[in-house]
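What follows is the residue order along each chain.
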Amino acid sequence: MTLEVHGLGIGGLVRGVSFGIARGERVGLIGESGSGKSLTALSIMGLLPEELAASGSVTLDGRELLGAPEKDLSRLRGNEMSMVFQEPMTALNPAMRVGAQVAEPMRIHRKGGKDPEALLASVGLPGVARAYPHQLSGGQRQRVVLAIALANDPKLLICDEPTTALDVTVQAQILELILDGVRERESALLFITHDLAVVASVCERVLVMLDGEIVEAGTTREVLTEPKHEYTKKLLAASDLEASR
Ligand SMILES: Nc1ncnc2c1ncn2[C@@H]1O[C@H](COP(=O)(O)OP(=O)(O)OP(=O)(O)O)[C@@H](O)[C@H]1O
């Protein structure tokens, strides 16, 4: 397993969460707002707000992350593990050209060799390196964020509602880029969404979270066609997924 989470607890808000993601595997985390999805992701990245403490165990390729010194975590973030958030503008520096921002993770982690222009072109953005974020559309900004997240070929990519803030027409393109990006690198993917159609198109396995706990887990097909937990059944009934009818 690339990522292993055992008995993760976060200040009573998340309880007993356990799962693993193998190299190249794509796992969805679904559940309603407030169920603890984002906190779970932030605890893996070592980015929980200071007032919240995590217990249990989170390992990346066997190395324990919970309680690891900040200098070790910052060496891993943007390098061996990256995260893409819902709102690209919050992840970008408004005063810095996007080419320089894409080059930054390689500079910080002293990994050379990759041309920021080429990285931007690989997410469908040729010739924008000298642009500032405000000159780009929302979808283009999220492409830049993805290029930054993938710059150092992370072992783990976490996406937290990466397409929720985007137009429907742009969403599918971003999902395709995420899929291509993790496939090429054999990165493990943890994909947080409330959109079951997105889970169906992106993930091989799904975890269903309710009130801080995982209440159901299985292959995407199992969970979306034969849900066992009442809550999952409700989620499916409320969605417009073909399989739920
Ligand atoms: N710093 C904090 N201190 C106390 N409670 C918090 C803090 N951050 C989040 N929470 C609470 O923890 C719970 C889980 O939040 P979390 O953001 O993980 O949910 P989520 O499933 O990701 O929801 P969303 O889809 O809205 O992001 C919520 O009830 C939230 O109010």
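Per chain, residues are indexed from 1 in the order of the written sequence. Two thresholds apply to this predicted model, a pLDDT of at least 70 for residue-level local features and 80 or more for giving and counting side-chain atom pairs, whereas whole-chain, interface and lining totals are computed over all residues.

Regarding the site of the ligand
Item 1. Each residue gets a C-beta atom placed from its backbone. Should that atom fall within 6 Å of a molecule or strand, the residue is termed near it. For the ligand, the full set of nearby residues is L13, G31, S33, G34, S35, G36, K37, S38, L39, P49, E51 and L52.
Item 2. Taken together, the residues of the shell around the ligand sort by class into 4 nonpolar, 6 polar and 2 charged. Three residue categories are used. Nonpolar comprises Ala, Val, Leu, Ile, Met, Phe, Trp, Tyr, Cys and Pro, charged comprises Asp, Glu, Lys and Arg, and polar comprises the others, including Gly.

Observations regarding the pairing of strand β10 (residues 213-219)
Working note: regular strand, side chains alternate between the two faces of the sheet.
Item 1. By the bridge criterion, 6 bridges tie strand β9 (residues 205-210) to β10 in an arrangement that is antiparallel. Along β10, the bridge assignment pairs L210 with E213. Paired strands, as defined in this entry, are two strands with at least two bridges between them according to DSSP. The helix count covers DSSP runs of H or I at least four residues long, the strand count covers runs of E at least two residues long, and both are numbered beginning at the N terminus.

Quick notes on the packing of helix α4 (residues 98-108) against helix α6 (residues 138-150)
Item 1. Simply put, an axis is a line fit to the C-alpha atoms, just over the touching stretch for a helix, and the angle between two N-to-C directions goes from 0 to 180 degrees. Contact geometry for α4 and α6: axes closest at 7 Å, N-to-C directions at 25°. In terms of their interaxial angle, α4 and α6 are classed as roughly parallel. Classified by chirality, the crossing of α6 by α4 is right-handed. Together, V98, Q101, V102 and P105 of α4 and V144, A147 and I148 of α6 make up the contact between the two elements.
Item 2. Class assignment for the residues of the contact of α4 with α6 results in 6 nonpolar, 1 polar and no charged. Roughly parallel means an angle under 35 degrees; roughly antiparallel means over 145; roughly perpendicular covers 65 to 115; every other angle is labelled oblique. With the far helix as reference, a near helix turned anticlockwise by less than a right angle produces a left-handed crossing, and one turned clockwise produces a right-handed crossing. C-beta atoms are placed from the backbone for every residue, and two residues are taken to be in contact when these atoms lie within 7 Å.

Some points on the pairing of strand β1 (residues 3-10)
Item 1. Pairing of β1 with strand β2 (residues 14-21) involves 5 bridges; the strand directions are antiparallel. Bridge pairing links L8 to V17 in β2.
Item 2. The loop that links β1 with its antiparallel partner β2 comprises 3 residues; one of these, G11, has a positive phi angle of about 45°.
Item 3. Bridge count for β1 against strand β4 (residues 54-60) is 6 bridges, and the pairing is antiparallel. Directly across from V5, in β4, lies its bridge partner V58.

Brief notes about the sheet that holds strand β6 (residues 81-84)
Item 1. With respect to topology, 6 strands assemble into an open sheet ordered β6-β7-β8-β3-β9-β10, the strand pairing being mixed. Edge positions in the sheet fall to β6 and β10, since each of these pairs with one other strand and no more. Neighbouring strand axes in the sheet, compared pairwise and without regard to direction, differ in orientation by 15° on average.
Item 2. By the bridge criterion, 5 bridges tie strand β7 (residues 156-160) to strand β8 (residues 188-192) in an arrangement that is parallel. Pairing of I158 across the sheet is with L190, part of β8.
Item 3. Lying over the sheet, α6 contacts β6 and β7, oriented at roughly 170° with respect to β6.
Item 4. Across the sheet, helix α10 (residues 230-238) is in contact with β3 (26-30), β9 and β10; its angle to β9 comes to roughly 105°.

Quick notes on the sheet that holds strand β5 (residues 63-64)
Item 1. Taken in spatial order, the 4 strands of this open sheet run β2-β1-β4-β5, and their pairing is antiparallel. Only two strands of the sheet have a single neighbouring strand rather than two, namely β2 and β5.
Item 2. Two elements, β4 and β5, share 2 bridges in a ladder whose sense is antiparallel. The residue of β5 that forms the bridge with T59 is E64.
Item 3. Of the strands in this sheet, β1, β2 and β4 are in contact with helix α1 (residues 37-45), which crosses β1 at around 120°.

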